[in-house]
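# Remarks on the overall topology
Letter by letter, the chains look like this.
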Amino acid sequence: MIYTSTRDNSVKVISANAIIQGISKDGGLFVPREIPRFSADEIKAAADMDYTALADAVFAKFLTDFTPEEISKCTLSAYSAANFPAKTVGLHELSEGVNVLELWHGPTCAFKDMALQILPHFLSASMKKINLNKKIIILVATSGDTGKAALEGFKDVKGTEIMVFYPENGVSPMQKAQMVTQEGGNVRVCALRGNFDDCQNGVKAIFTDGTIRRNLAENSMMFSSANSINWGRLAPQIVYYIYAYSRLLAAGKIAQGDEVNIAVPTGNFGNILAAYYAKKMGLPVKKMICASNINNVLTDFINTGVYDRNREFFTTSSPSMDILISSNLERLLYHFSGNSDEAVRDWFGQLQDSGRYEVGADIKAQLQSEFYAGCCNEADTAATVRGLFEKNSYLCDTHTAVAVKVYNDYCGETGDKTPVIIASTANPYKFGKDVLAAIGGKCNTDEYETVECLNKKSGMEIPKPLLNLGNKEILHKDVINTKGMREYVVRAIDN
Ligand SMILES: *Cc1c(COP(=O)(O)O)cnc(C)c1O
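All of the points below concern the structure found in this document. If you're wondering where the values come from, they're calculated on a predicted model, not measured in any experiment. (Residues numbered from 1 in each chain as written. Predicted model: local features only at pLDDT ≥ 70, side-chain atom pairs only at ≥ 80, totals over all residues. Heavy atoms only, no water.)

### Comments concerning helix α20 (residues 447-458)
An ideal rise of 1.5 Å per residue puts 16 Å on 12 residues; α20 measures up with 16 Å between its terminal C-alpha atoms. Of all the residues in α20, the buried ones are T450, V451, L454 and S458. Considered in projection along α20, the buried side chains sweep an arc of 105 degrees and stay on one side of the axis. Those residues of α20 that are buried are in contact with α8 (173-180), α17 (378-392) and α19 (432-438). G459 lies just past α20 and shows a positive phi near 80 degrees. (Helix = DSSP H or I, 4+ residues; strand = E, 2+ residues; numbered from the N terminus. Expected span 1.5 Å × (residues − 1). Buried < 20%, exposed > 50% of the residue type's maximum accessible area, 1.4 Å probe, protein only. Arc of directions from axis to C-beta. Contact = heavy atoms within 4.5 Å.)

Right, dumping it as structure tokens:
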């Protein structure tokens, strides 16, 4: 399997290199030149596999430069009972045909653990594979969950250092508490006076800064990325859609070959893009439902073909989706344009210059045939959390609620009764304040007391990683301006 860049088709690398580099030198993202098939027989066989066995089978198709032993070493370490004590993923049936795929049973209680627990192992294996003896500096821009999940994944991993930037006022108190208390000898966490896009743009600029890269090289160091643009994060996300389908198959809820819909609360377009790859591999998926909060740039794009980030930015109760530039969309557009690096350069050049681009009628038609897009405002997010709690006795977080609401809108508009898999991306305790308010709980205290209140009101068990956060020491207090990012990184490297 060879990977190329969405902005330069002459790039040809193996997966180890794609994972180590994170982003291509030309600013493009690594994509497989061909999407491998996962046959109907393989999907049927998956029904008898546990999570790691299925992950091995899927990775064998994408990481062809890895031996089966190397792959299973990674999957067994990542998805161990130590990291996922209860289960790897949960599948909860809300009502007939409506299944919530709980992706938050990992160490940080958010779906990003699914990918970030395995990425460091992929990275170490990749370094060995190409005999690269350098220190890896991981730069992360986060809207909240990536930061903590990456810190947990990389903390004290030999040969790596990790630096995380988050928007000072753009993450939940719980997310912030998780990050600023992070332990580990190789971690740095820094708040930025700006929003997530500022963080992401800053990281991207530093990543492609020739002077810094040369400096690093002279000191036997190099950058890599743990952001969802890294192929090593995307591949693990494909697994759970196939897994969910296979469990429905095993439970007799669907028959072999039956189609399902997949609804995903979407920010950077990584999670839903993995669903698209699963479909291209052969998973019978009818529609992918792309759910946004009021930062609805993707809703508009899919419905009109115009991507326009020149709009007001809102801070919402689903902060991990407060994004105006969805990086992974670049991969989808590359595939939709018939692997045209030229078209991608043109669109993303326009995005860079004017914040806007428009795709042609053929791309727009593909977008609308594969995806349904909708958005959910703050009041409806809260009402959905409350509705599920009262009517279905199910407590979900604000991001998941956005997906449920947009899925319901989709059903209302189309009458489509196809079984659905709705991705649930965070444990409700992670966004406890808004969840508690939504279900009518009263609590004017800090986030730790909120956890207690939510526990009393809902009866749902408090996840271990979020217990006792309040007693932990705050270890990271840096706050900088967007302009100071480059210097911050240069200084950190010099130390
Ligand atoms: C990251 C995140 C999302 C968005 O996922 P993308 O892959 O960026 O689209 C949704 N919900 C939660 C809780 C997240 O942490």
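Now that the structure has been shown, the text picks up again.
### Concerning the packing of aromatic side chains
Under the defined criterion, the tally for this structure stands at 20 aromatic pairs. When the centroid spacing of 5.6 Å and the interplanar angle of 40 degrees are considered together, the rings of F207 and F223 count as tilted. Taken as a pair, F207 in helix α9 (residues 196-207) and F223 in strand β9 (residues 221-225) lie far apart in primary sequence, 16 residues in all. Look at W231 and Y277: their rings are 5.3 Å apart centre to centre, the planes differ by 85 degrees, and that puts the pair in the edge-to-face class. Separated by 46 residues along the polypeptide, W231 in helix α11 (residues 231-250) and Y277 in helix α12 (residues 270-281) bring together distant segments of the chain. Overall, the relative accessible area of 0% leaves W231 in the buried class. Looking at Y277, the relative accessible area reads 0%, which means it is buried. Ring-pair connections join several aromatic residues into one group, and the members of that group are Y3, F62, W231, Y276, Y277 and F336. In this arrangement the basic side chain of K129 is found over the ring face of F66, its NZ or CZ atom lying 5.3 Å from the centre. (Phe/Tyr/Trp six-rings, centres within 6.5 Å; stacked < 30°, edge-to-face > 60°. Lys NZ or Arg CZ within 6 Å of the ring centre and 35° of its normal.)

### Digging into the pairing of strand β10 (residues 260-265)
Of all 6 residues in β10, 6 are buried, a share of seventy percent or more. By the alternation rule, side chains of β10 split into V260, I262 and V264 and N261, A263 and P265, which are all buried. When β10 meets strand β11 (residues 285-292), the two strands line up parallel, connected through 5 bridges. The residue of β11 that forms the bridge with P265 is A291. The handedness of the β10 to β11 crossover, carried by α12, is right-handed. One ladder, built from 3 bridges, connects β10 with strand β15 (residues 420-424); its direction is parallel. The residue of β15 that forms the bridge with N261 is V420. (Pairing = 2+ DSSP bridges. Right-handed = clockwise from strand over helix to strand, strands pointing away.)

### Comments concerning the site of the ligand
Taken together, 15 residues lie near the ligand, and K112, D145, G267, N268 and T425 sit nearest. Contact between the ligand and G267: an oxygen atom at 2.8 Å from a main-chain N or O atom of the residue. F269 is positioned with one of its backbone polar atoms (N or O) 3.1 Å from an oxygen atom of the ligand. Protein coverage of the free-state accessible area of the ligand, which is 380 Å², stands at 98%. Tallied by class, the residues present in the shell around the ligand amount to 5 nonpolar, 8 polar and 2 charged. (Near = heavy atom within 4 Å. Polar contact = N/O pair within 3.5 Å; in protein donor to acceptor, adjacent residues only side chain to side chain. Areas by Shrake-Rupley, 256 points an atom, 1.4 Å probe, with all protein chains shown as cover. Nonpolar A, V, L, I, M, F, W, Y, C, P; charged D, E, K, R; others polar.)

### Some remarks on the sheet that holds strand β16 (residues 478-481)
Taken in spatial order, the 5 strands line up as β9-β6-β7-β8-β16 in an open sheet, and their pairing is parallel. Because the sheet does not close on itself, it has two edges, and the strands there are β9 and β16. Between one strand axis and the next, the sheet turns through 30 degrees on average, direction left out of account. Across 5 bridges, strand β6 (residues 135-141) lies against β9 in parallel orientation. From the neighbouring strand, I137 faces β9, where its bridge partner is F223. Taken strand by strand, helix α7 (residues 145-154) contacts β6, β7 (160-167) and β8 (187-193), and its axis lies near 165 degrees from that of β7. (Axes fitted to C-alpha atoms, helices over the stretch in contact; angles between N-to-C directions.)

### A closer look at the pattern of salt bridges
For the structure on display, the rule yields 17 salt bridges. A salt bridge links R491 to E487, with the shortest nitrogen-to-oxygen separation between them at 2.5 Å. Residue R491 and its partner E487 are both found in helix α21 (residues 485-494); the two are separated by 4 residues, about one turn of the helix. Its relative accessible area of 54% is what places R491 among the exposed residues. (Salt bridge = Lys/Arg side-chain N within 4 Å of Asp/Glu carboxyl O.)

### Some points on the packing of helix α14 (residues 329-336) against helix α15 (residues 341-354)
Remark: α14 packs on α15, axes separated minimally by 9 Å, with the N-to-C direction vectors making an angle of 140 degrees. Taken as axis vectors, α14 and α15 run oblique relative to one another. Crossing geometry of α14 relative to α15 is assigned as right-handed. For the pair α14 and α15, the contacting residues are E330, L333 and Y334 in the first and D341, V344, W347 and F348 in the second. Taken together, the residues of the contact of α14 with α15 sort by class into 5 nonpolar, no polar and 2 charged. (Parallel < 35°, antiparallel > 145°, perpendicular 65-115°, else oblique. Left-handed = near helix turned anticlockwise from the far one by under 90°.)

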